[in-house]
Amino acid sequence: MLNQFSRSELVFGKDAMERLKNARVAVFGIGGVGGYTVEALARSGVGALDLVDDDKVCITNLNRQILATRSTVAKYKVDVARDRILDINPNCQVTTYQTFFMPDTADRFDYVVDAIDTVTGKKEIILRARAAGVPVISSMGAGNKVEASAFKVADIYKTSVCPLARVMRKICRQNGIDHLKVVYSEEKPIRPLEDMAISCRADCVCPPGTARKCTQRRDIPGSTPFAVAAAGMIIAGEVVKDLTAFDRGDR
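So, here is what we can say about the structure in this document.

Rules used throughout
- Residues numbered from 1 in each chain as written.
- Predicted model: local features only at pLDDT ≥ 70, side-chain atom pairs only at ≥ 80, totals over all residues.
- Heavy atoms only, no water.
- Patch = residues over 30% accessible without salt bridge, like charges linked within 9 Å, V, L, I, M, F, W, Y side chains within 5 Å.
- Areas by Shrake-Rupley, 256 points an atom, 1.4 Å probe, with all protein chains shown as cover.
- Salt bridge = Lys/Arg side-chain N within 4 Å of Asp/Glu carboxyl O.
- Helix = DSSP H or I, 4+ residues; strand = E, 2+ residues; numbered from the N terminus.
- Buried < 20%, exposed > 50% of the residue type's maximum accessible area, 1.4 Å probe, protein only.
- Pairing = 2+ DSSP bridges.
- Right-handed = clockwise from strand over helix to strand, strands pointing away.

**Topic: a nonpolar patch on the surface**
Now for step 1: Side chains of Val146, Ile190 and Phe226 sit close together on the surface and give an oily, nonpolar patch of about 250 Å² of accessible area.
Now for step 2: Residue position: Val146 is located in the loop between β5 (136-139) and β6 (151-155).
Now for step 3: A residue is classified by how much of its surface remains accessible, and Val146, at 34% relative accessible area, is partly exposed.

**Some words on unusual backbone geometry**
Now for step 1: Here the phi dihedral of Ala74 falls at roughly 80 degrees; this positive angle occurs in a residue that is not glycine.
Now for step 2: In this fold, Ala74 is placed in the loop between β2 (48-52) and α4 (77-88).
Now for step 3: Residue classification places Ala74 among the partly exposed residues on the basis of a relative accessible area of 40%.
Now for step 4: For Asn144, which is not glycine, the phi dihedral falls at a positive 60 degrees.
Now for step 5: Relative to the assigned elements, Asn144 resides in the loop between β5 and β6.
Now for step 6: Owing to a relative accessible area of 14%, Asn144 belongs among the buried residues under this scheme.

**Here we look at the pairing of β5**
Now for step 1: Every second residue of β5 is oriented toward a common face, with Val136 and Ser138 on one face and Ile137 and Ser139 on the other, all of them buried.
Now for step 2: Pairing of strand β4 (residues 111-114) with β5 involves three bridges; the strand directions are parallel. Bridge pairing in β5 places Val113 opposite Ile137.
Now for step 3: Chirality of the crossover, the property in question, places the unit of β4, helix α5 (residues 119-132) and β5 among those that are right-handed.

Okay, structure coming up:
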């Protein structure tokens, strides 16, 4: 019988689609990269999604974030994402957390996606997922990039060029993490223009109640819609293939 996932089933098969339906994936950070990851996972038929983000949609998100529209500005991203997911798949179980930290239910997840942009948060997510025995994939730097085709999947110890990956390699070594799947780019980051007229550094326009204001950030990166979208979609593809144990050679 035809359904909304029939075209996916033609690729992955019935058993794989059933595994996706029964899977629970947590996505930390649903902005530029994570928003596209959530979108693809929902459209792939993942049956339960836990969304973790304490941020609200800002006017400056409209250039790259799939959840950002004029009508969603000042709304919590997790709330916008929940409504969008349920409009795509009403049967998906969506749990939202308006927080920056890892829920205490890490062992309930089948997969964890780290799409946040702070080193301390990434470290916490990776360590807790590892302690719970849950697979995790982590996004490296997508800001200040323009080459969507430059993103690739690798072990953290096989990465190069990316400044965030360099920091995460050190953290993984210090904490005895011998493997971490990441999506990263070897494109050298572009240095953002120093123009206060178009920067949030001095005049943050984030909605009231935003937890981490731009004026408090160490740096305000530039961003493009195609770079973050590419990273997010690649992450979603890896999650789906891992959950279904998909092997192209079997097709």
